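Structural description and commentary
Chain by chain, the residues:
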Amino acid sequence: MRLRKKKRGAGTEPEELNLLPLMSLFVALVPALLYSAVFVPVSALGLDFPGTGGAAGASPLALAVRLSDAAYAVEGVPDSAYAPIARDVDPVAARTELRAQLDGVHARYPGSGGAILVVSPQVPYRDVVQVMDEVREAGFGNSTLLGAAE
Amino acid sequence: MVAKLQLTSLIDIFTVLLLFLLKSLVVGGAVVSPFPGVTLPPSSSTASFKESPVVVVLKNQIVVDGEAVCPTDEVTQSTELKVAALEQALAGVRQKTETLAEHAGSSRKFEGKLILQADETIPFHVLQKVMYTSQTVGFYDITLAVIQK
């Protein structure tokens, strides 16, 4: 006995999907998402101030990074003296070297947190943020900003 | 014969738009957009903001909550740490927040939080004056706004 497959829907038109509920959902979702979307990703960078109980105040290490127009200098590490890094010739290489010094300090004092940034008056804000990034990425957390005398 | 609306292409557009918007969605924290004319410095920080008043330091003027307060040149040339016009504007913001807190209960109380949007070329001594002035009015918790790298 031969079984014959019965063709389903033969001779009828394919059923159309009702897309209107999906459309209504999209119409509600898109404005809601547009409202809370950020097209230029702006993020927050925290900082501490002298005397406000920041991480640098509580740290056993009094790490300071001096930032002038011409150089970076890491100070306040016991039994160590780091040579200033000239940053006016090759700023990228200087930042890499600063990061290496900071990584070295953090490896020796892993429990320390916070660093004091002593910034010269004419240094642009962009450079300050770059050093704050290096300090944070080396594991020291937020920086405390301090203005250096001219 | 009844004409049917072809919705498939519109659904395609909405799907792509939805995916793009979901990618740029900020979950938690306040949404902060850069003030027109300010070039924020890039940073690797990914932290989010809390709802706070915004001080913008542009190349030519200082703005508090959308209103121009004083020219930046004036602050650059000043030898004093405190900026009188900024102090007055921030005191007004603080008073407004405290008045709102009285009427709305403790959920909106003054917490001393401030968002600072400064142009990346501004010299540090100008920012130092702005931050010092903000602290004299009681804004001790200052967060810098940066562009995520």
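In the block above lies the structure referred to throughout.
Below: a short report on this structure. Please read all numbers here as calculations on a predicted model, not as lab measurements.

Residue and element names in this part refer to chain B. Pairing analysis gives four bridges linking strand E3 (residues 61–64) to strand E4 (residues 67–71), with the strands arranged antiparallel. Each bridged residue has a counterpart across the sheet, and for Val 63 the counterpart in E4 is Ala 68. Where E3 folds back on E4, the antiparallel hairpin that results is connected by two residues, among which Asp 65 adopts a positive phi of roughly 45 degrees.

All names here are of chain B. Residues other than glycine seldom take positive phi values, yet Asp 65 does so here, at roughly 45 degrees. The topology assignment puts Asp 65 in the loop between E3 and E4. By C-beta crowding, Asp 65 is classed as partly exposed, having 14 other C-beta atoms within 10 Å.

As a further point, take the interface of chain A and chain B. In this assembly, 34 residues from chain A lie in contact with 41 residues from chain B. Mapped by element, the contributors of at least two residues to the side of chain A that touches chain B are helix H1 (20–36), strand E1 (42–48) and helix H4 (125–140) of chain A. Take the side of chain A that touches chain B: its biggest share by element is eight residues, from H1(A). Residue classes in the side of chain A that touches chain B are distributed as 25 nonpolar, six polar and three charged. Of the pairings in the sheet, the one linking E1(A) to strand E6 (residues 141–148) of chain B comprises five bridges and is antiparallel in character. Counted as the bridge partner of A:Gly46 is B:Thr143 from E6(B).

So, about the environment of B:Gln148. Looking at the secondary structure, you find B:Gln148 in strand E6. B:Gln148 sits in the partly exposed class, given 16 other C-beta atoms within 10 Å. On a C-alpha basis, the gap between B:Gln148 and B:Ala47 in space is 9.5 Å, while along the polypeptide they are 101 residues apart. Residues in contact with B:Gln148, not counting those within four places in the same chain, are A:Pro41, A:Ser43 and B:Thr46.

Procedures and definitions
Residues numbered from 1 in each chain as written. Chains lettered and ligands numbered in written order. Predicted model: local features only at pLDDT ≥ 70, side-chain atom pairs only at ≥ 80, totals over all residues. Pairing = 2+ DSSP bridges. Helix = DSSP H or I, 4+ residues; strand = E, 2+ residues; numbered from the N terminus. Buried ≥ 20, exposed ≤ 12 C-beta atoms within 10 Å, placed from the backbone. Contact = placed C-beta atoms within 7 Å. Nonpolar A, V, L, I, M, F, W, Y, C, P; charged D, E, K, R; others polar.

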